[in-house]
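Coordinate analysis (summary)
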Amino acid sequence: MFQDLWKRSGLKVFRSRKKKFSSYLARFCPYPLSSPVFGEKKFTDTDIAQLEAHFEEQDWDFAPFVLFEQSRQDLQLWGKRDFKHLQLSGCYLFGKSNDLSLPQGYSAQIVKFSTPRGAKVYSEVGLKVFGLDEKFLISFRRLCKLQSSKNELIVVSNKKGTPVAIAGIVCFSGLGLLHSVAVLPRYQGKGLSKWLLAEAQQRSQKHGTKVLLYFSNHERIVGQAHAKKSIDLFYKF
């Protein structure tokens, strides 16, 4: 399902097709899930060698992230080539969302992620929560803008009007991606993330999407999905 996002997005120009995998190289954004490789079927040692040769041919100057949505892999085989393994949940939200009220004392607004205001809010909340830097923000905003013009941040502010939580969505033809849910530590455990997921689903539906997809290994976030499937992620630092 995640590969469908890339096929439908404005970044499909970066697609490269090989025997057992497809790669999407957004060279300007060397971060997790931003230049993914999608594996098909179970990889042998020869397949992994071909994969690495492909990275060298394309002159990738950062570690690739290889995702398998169905095929079970030999973890020892990947480990011998110094790939690390992480299991994520691909989460799906379908149909109407729960009609939740924003917890008392907070307000919300929609901000275009590609605008200066969107960058400022993401810097104040997202970068702090995820431990990322301004370089990431510049690249990631560009990535979202190229993927789709329908890129938004749902911003929750406290009584003083200070942003304390965000959720980011990018919408395509019939499909939406929830790429960021961040709540500042002081405001966690107050129901904001649950409200953000419901609101993100409503916003994506207004853009014509039928499914909102997100990836996580956070138990609370995964637990709110209508359906999920296990995804194996192999990567190198």
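Up top is the structure these notes are about.
Anyway, here's the lowdown on the structure attached to this text. (Residues numbered from 1 in each chain as written. Predicted model: local features only at pLDDT ≥ 70, side-chain atom pairs only at ≥ 80, totals over all residues. Heavy atoms only, no water.)

**Describing the overall build of the chain**
Per the secondary structure count, the chain includes 8 helices and 11 strands. Rg of the C-alpha trace for the chain: 18 Å, near the compact-globule value of 18 Å for 237 residues, within the 12% margin. Referenced to the eigenvectors of the C-alpha coordinate spread, the extents of the chain come out at roughly 60 × 35 × 35 Å. Going through the 237 residues of the chain one by one, you find that 52% of them count as buried. Contacts in the chain between residues far apart in sequence, at least 24 positions, make up 71% of those at least 6 positions apart. Accessible surface, the chain as shown: approximately 12,000 Å² in total, 48% of it carbon and sulfur. Within the chain, one finds 37 positive and 20 negative side-chain charges whose respective centroids are separated by 8 Å. (Helix = DSSP H or I, 4+ residues; strand = E, 2+ residues; numbered from the N terminus. Rg over C-alpha atoms; globule rule 2.2 N^0.38 Å. Buried < 20%, exposed > 50% of the residue type's maximum accessible area, 1.4 Å probe, protein only. Contact = heavy atoms within 4.5 Å. Areas by Shrake-Rupley, 256 points an atom, 1.4 Å probe, with all protein chains shown as cover. Lys, Arg positive; Asp, Glu negative; His and termini not counted. Charge placed at Lys NZ, Arg CZ, Asp CG, Glu CD.)

**Re the sheet that holds strand E9 (residues 175-183)**
Spatial ordering of the open sheet is given by E1-E2-E3-E4-E11-E5-E10-E9-E8-E7-E6, a layout of 11 strands whose pairing is mixed. The outermost strands of the open sheet, each flanked by one partner alone, are strand E1 (15-17) and strand E6 (107-112). Within this sheet the neighbouring strands show an average axis-to-axis angle of 25°, counted without direction. Bridge count for strand E2 (residues 21-24) against strand E3 (residues 36-39) is 3 bridges, and the pairing is antiparallel. Looking at E3, one finds that Ser23 is bridged to Val37. Here helix H4 (residues 116-124) sits on the sheet and contacts E6, strand E7 (151-157), strand E8 (163-171) and E9; the angle it forms with E8, its principal contact strand, is near 125°. Of the strands in this sheet, E7, E8 and E9 are in contact with helix H6 (residues 134-147), which crosses E9 at around 155°. (Pairing = 2+ DSSP bridges. Axes fitted to C-alpha atoms, helices over the stretch in contact; angles between N-to-C directions.)

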